[in-house]
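Close look at the chain arrangement
The chain contents come next:
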Amino acid sequence: MNTAALNRFEKSPKILRSIKKFLGPTGFGLLVALILELIIFASLSPYFFSSTNFSNIGRAMVIIGIGSIGATIVIISGGFDLSVGSVMAASGMLAAFVINQGQSNLVGVVLALMLGCVIGLLNGFVIGYLRINPLIATLAMLSIVRGLAYIISGGDAVVVSNSSFLAIGTDSLFGVPLTVWIFVTLFLSVGFLMPRTHFGRYVYAIGSNSRAARLAGIFVNRWTLIFYAFSGTTAALAGYVTVARTGQAEPSANIGAELDMITAVILGGASLSGGKGRLVGTFLAIVVLAILTNGLILIGVPSYWQLPVKGFVLMGAIIWGELHNASRDKS
């Protein structure tokens, strides 16, 4: 950090310094971007600041948000998981099939989570014990699991009419959608446990230097299993919520979801080389992307423009992160 920047930082109010310290440079930048988004879209659309619109924003970010929790853990640990979108589809399909057979919602969600966990364990085994590159291993698993979703359904969509199940995706509590409560509760729980458990500390240790972690007595392969199992489980929960929201499970559902999750994680400050990243950064990135998409729709920007806009946002975040890391290394 140069002298001028340091002086500006020291002159900022104490509460501002506390926020910067808690969020980190990337998180603080996202907070500023979020405030700017709110100001810009509120000035361009009279419908932006409405309870209905904010409810829509909340529901829109839940599915990617839940899956991004596991994706953040895997990327910080130095891994990569391209199979999450397929896991979402297969797990949602399994839950829909089970519930249509007369089983309870609890049985449906437990089986869905178990499927996601097993797929994650397989990813972790292939990557950790067989030493296969994470990109190749999870890309192969993407195809296998997507095929599994088609096999479970016979290639057709599975429509769910169970009202109590559909209520999970449509009902609200204190004016906030239930799915948003699930998402926020999961984020807060994992964020609280990360610095207080071996799970969280080992994520950073292994991601920073897996060889040093192994020499320090950490069972790297075993923890790799756990990290990918966690990613598969959160993806499965996201798939369950997808079906509860839409009322049907499709084998082609959630195609491209893994790219949205990776975008959120990288935009939130995580490094693809591992060892860096914060859940709070991922959370802010998800909110920023959800509001960006919602705002563009409200002001009438065609949908085909949204993808390049998100791409520019991601590119900007990567450049910002690299410049910040370079300046920090020089100082």
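A brief report on the enclosed structure follows.

So, how was this worked out
Residues numbered from 1 in each chain as written. Predicted model: local features only at pLDDT ≥ 70, side-chain atom pairs only at ≥ 80, totals over all residues. Heavy atoms only, no water. Helix = DSSP H or I, 4+ residues; strand = E, 2+ residues; numbered from the N terminus. Buried < 20%, exposed > 50% of the residue type's maximum accessible area, 1.4 Å probe, protein only. Contact = heavy atoms within 4.5 Å. Areas by Shrake-Rupley, 256 points an atom, 1.4 Å probe, with all protein chains shown as cover. Phe/Tyr/Trp six-rings, centres within 6.5 Å; stacked < 30°, edge-to-face > 60°. Lys NZ or Arg CZ within 6 Å of the ring centre and 35° of its normal. 1 Å grid on protein atoms, 1.4 Å probe; cavity = no way out; pocket = protein on both sides within 12 Å on 5 of 7 lines; lining within 4 Å. Points joined across faces, edges and corners; volume = space filled by probe spheres on them. Nonpolar A, V, L, I, M, F, W, Y, C, P; charged D, E, K, R; others polar. Patch = residues over 30% accessible without salt bridge, like charges linked within 9 Å, V, L, I, M, F, W, Y side chains within 5 Å. Salt bridge = Lys/Arg side-chain N within 4 Å of Asp/Glu carboxyl O. Polar contact = N/O pair within 3.5 Å; in protein donor to acceptor, adjacent residues only side chain to side chain. Expected span 1.5 Å × (residues − 1).

**Here we look at the overall build of the chain**
A tally of regular secondary structure across the chain gives 14 helices and four strands. The burial tally for the chain puts 47% of its 331 residues in the buried class. Sequence separation of at least 24 residues holds for 78% of the intrachain contacts in the chain that already meet a minimum separation of 6. Counting every atom, the chain has about 16,300 Å² of accessible surface; 68% of that belongs to carbon and sulfur.

**Some words on the packing of aromatic side chains**
Evaluated as defined, the whole model comprises 14 aromatic pairs. A centroid spacing of 5.1 Å and a plane angle of 85° characterise the contact between Phe183 and Phe187, whose relative ring orientation is edge-to-face. Note that Phe183 and Phe187 are positioned in helix 8 (residues 178-193) at a spacing of four residues, about one turn of the helix. You can call Phe183 buried: its relative accessible area is 0%. In textbook terms, an aromatic cluster arises when at least three aromatic residues are bridged by ring pairs, as seen for Phe199, Tyr202, Trp223, Phe227 and Phe230. One Lys or Arg, Arg222, reaches over the ring of Phe219 and ends 4.3 Å from the middle of that ring.

**Focus: empty space enclosed by the protein**
Here the structure, examined in full by the defined rule, presents one cavity of 30 Å³ or more. Taken as a whole, the largest cavity encloses approximately 50 Å³ of empty space. Together, Ala71, Val74, Ile75, Phe80, Asp81, Val84, Glu258, Met261 and Ile262 line the largest cavity. Elements with a contribution of two residues or more to the lining of the largest cavity: helix 3 (51-76) and helix 12 (257-267). Looking at side-chain class alone, the lining of the largest cavity contains seven nonpolar, no polar and two charged residues.

**Quick look at a nonpolar patch on the surface**
Taken together, the side chains of Val32, Ile35, Leu36, Ile39, Ile40, Leu44, Tyr47, Leu298 and Ile299 make up a nonpolar region of the molecular surface, amounting to roughly 820 Å² of accessible area. Sorting elements by how many residues they give to the nonpolar patch places helix 2 (residues 14-44) first, with six residues.

**Comments concerning the environment of Ser271**
Position of Ser271 among the secondary structure elements: in the loop between helix 12 and helix 13 (279-298). Residue Ser271 is classed as buried on the basis of its relative accessible area, which comes to 18%. Placed 195 residues apart in sequence, Ser271 and Ile76 show a C-alpha to C-alpha distance of 6.8 Å. Beyond its immediate chain neighbours, meaning those up to four positions away, Ser271 contacts Ile75 and Lys276.

**Describing the environment of Ile75**
If you trace the backbone, Ile75 turns up in helix 3. The exposure class assigned to Ile75 is buried, which follows from its relative accessible area of 2%. Remark: the alpha-carbon pair of Ile75 and Gly275, spanning 200 residues in sequence, is separated by 8.2 Å. Setting aside anything within four residues of it in sequence, one finds Ile75 in contact with Val265, Ala270, Ser271, Leu272 and Gly274.

**Brief notes about the side chain of Ser91**
Considering the arrangement of structural elements, one finds Ser91 in helix 4 (residues 84-100). Look at Ser91 and you get buried, because its relative accessible area is 0%. A distance of 2.9 Å separates a polar atom in the side chain of Ser91 from the backbone oxygen of Val87. Leave out the neighbours within four places in its chain, and Ser91 touches Ala112, Leu115, Gly116 and Ala236.

**Concerning the side chain of Thr242**
Among the secondary structure elements, Thr242 is positioned in helix 11 (residues 220-246). The exposure class of Thr242 is buried, given its relative accessible area of 10%. Looking at Thr242, its side chain comes within polar contact range of the main-chain oxygen of Ala238, at 2.8 Å. Contact partners of Thr242, with chain neighbours within four places excluded, come to Ile63, Met88 and Asn254.

**Here's the deal with helix 4**
A rise of 1.5 Å per residue sets the reference length of helix 4, with its 17 residues, at 24 Å; its end C-alpha atoms lie 24 Å apart and thus fit the reference within 8%. Just downstream of helix 4 lies Gly102, where phi reads positive at about 95°.

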